[in-house]
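For reference, the chains in residue letters:
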Amino acid sequence: MGIEDEVVTQTPAPRTQGLGFLTILHEDNGYMGGYLVTNFWSRPVEFRLSTAVQPNRIHQILYGGTLQSYICADLIGKTLIEKTTAAVQAIFTDCESVLDLRLQLDVPVVCLPSDGSTAPASSSDPAASRKWPLRCHSRFPGDVAAVQAMLDGVDGSLDLAEPFVRIREAMSEARKLGAMSRN
């Protein structure tokens, strides 16, 4: 069980740090990851894509209940981030199994709820209306507050859920291009 990655789009990394968005798709042919680094205005800086990782029966037995976290955080997530040249201030994911990646990184890793409740709570208080319902790794309880403080300094119109749509669409296009190039 290994992982390779390919750069689909890469522009020179800016001097300022950005935001990382990491998603993992689990499909019939295995787990596949996409990692998009954006600037604070949601413009792409770098995008990486993993090949599919398919655990075999021995992996399933040996890793047991930790298999999904191992694949999502250790194999796919860590590899994509290590190969990326752009620095980030935080990594956002929509896959809770990726939170274990925080054990290996010095930047906060936070998860947006996958139930569709990713928009900030509405409130008459402008600061409260920018609070996203984020979750973090249990060993790093301060990550949510640190990320919320960072987001307070970013344009209030930033939609944290939207980059995941772009990642999934780019992953779909990459699969189509791969299928076409094999014909």
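This text gives an overview of the structure that appears in the document. Predicted model, so just to flag it, every value in this text is computed and none were measured.

1. Side note on helix 2 (residues 67-83)
Part 1: Under the 1.5 Å per step criterion, the end-to-end length of helix 2 is 22 Å for 17 residues, consistent within 8% with the ideal 24 Å.
Part 2: Maximal helix bending in helix 2 amounts to about 35 degrees, located at Gly 77.
Part 3: Burial in helix 2 covers these residues: Leu 67, Ser 69, Ile 71, Cys 72, Ala 73, Leu 75, Ile 76, Gly 77, Thr 79, Leu 80 and Ile 81.

2. Considerations on the environment of Pro 113
Part 1: Among the structural elements, Pro 113 can be located in the loop between strand 6 (109-111) and strand 7 (135-136).
Part 2: A sequence separation of 21 residues divides Pro 113 from Leu 134, and the C-alpha atoms of the two residues are 7.0 Å apart.

3. Points about a nonpolar patch on the surface
Part 1: A contiguous nonpolar patch, built from Ile 58, Ile 61 and Leu 62 and spanning about 350 Å² of accessible area, is present on the exposed surface.
Part 2: On the basis of relative accessible area, Leu 62 is assigned to the exposed category, the value being 67%.

4. Side note on the pairing of strand 2 (residues 18-27)
Part 1: For strand 2, the buried fraction is high: 8 of the 10 residues fall into the buried class.
Part 2: Of the strand pairs in this sheet, strand 2 and strand 5 (residues 88-93) are connected by 5 bridges, and their pairing is parallel. Residue Leu 19 lies in a different strand from strand 5, and its bridge partner there is Ala 90.
Part 3: Pairing of strand 2 with strand 3 (residues 30-38) involves 9 bridges; the strand directions are antiparallel. Bridge assignment links Leu 19 to a residue of strand 3, and that residue is Thr 38.
Part 4: The loop that links strand 2 with its antiparallel partner strand 3 comprises 2 residues.

5. Quick word on the environment of Glu 46
Part 1: Relative to the helices and strands, Glu 46 is located in strand 4 (residues 44-50).
Part 2: Residues Glu 46 and Gly 20 lie 26 residues apart in sequence; the distance between their C-alpha atoms is 9.3 Å.
Part 3: There is a polar contact of 3.2 Å between the side chain of Glu 46 and the side chain of Arg 48.
Part 4: Polar contacts involving the side chain of Glu 46 include one to the main-chain amide nitrogen of Ala 86, which spans 3.2 Å.

6. Brief notes about the pattern of salt bridges
Part 1: The tally for this structure, following the rule as stated, stands at 8 salt bridges.
Part 2: For Glu 82, the salt bridge identified is with Lys 78, shortest N-O distance 3.3 Å. With Glu 82 and Lys 78 both in helix 2 and 4 residues apart, this pair spans about one turn of that helix.
Part 3: Since its relative accessible area comes to 55%, Glu 82 is described here as exposed.
Part 4: The shortest N-O distance in the salt bridge between Asp 94 and Arg 168 comes to 2.1 Å.

Quick notes on the rules
- Residues numbered from 1 in each chain as written.
- Predicted model: local features only at pLDDT ≥ 70, side-chain atom pairs only at ≥ 80, totals over all residues.
- Heavy atoms only, no water.
- Helix = DSSP H or I, 4+ residues; strand = E, 2+ residues; numbered from the N terminus.
- Expected span 1.5 Å × (residues − 1).
- Bend = angle between axes of the 7 residues up to and from the residue.
- Buried < 20%, exposed > 50% of the residue type's maximum accessible area, 1.4 Å probe, protein only.
- Patch = residues over 30% accessible without salt bridge, like charges linked within 9 Å, V, L, I, M, F, W, Y side chains within 5 Å.
- Areas by Shrake-Rupley, 256 points an atom, 1.4 Å probe, with all protein chains shown as cover.
- Salt bridge = Lys/Arg side-chain N within 4 Å of Asp/Glu carboxyl O.
- Pairing = 2+ DSSP bridges.
- Polar contact = N/O pair within 3.5 Å; in protein donor to acceptor, adjacent residues only side chain to side chain.

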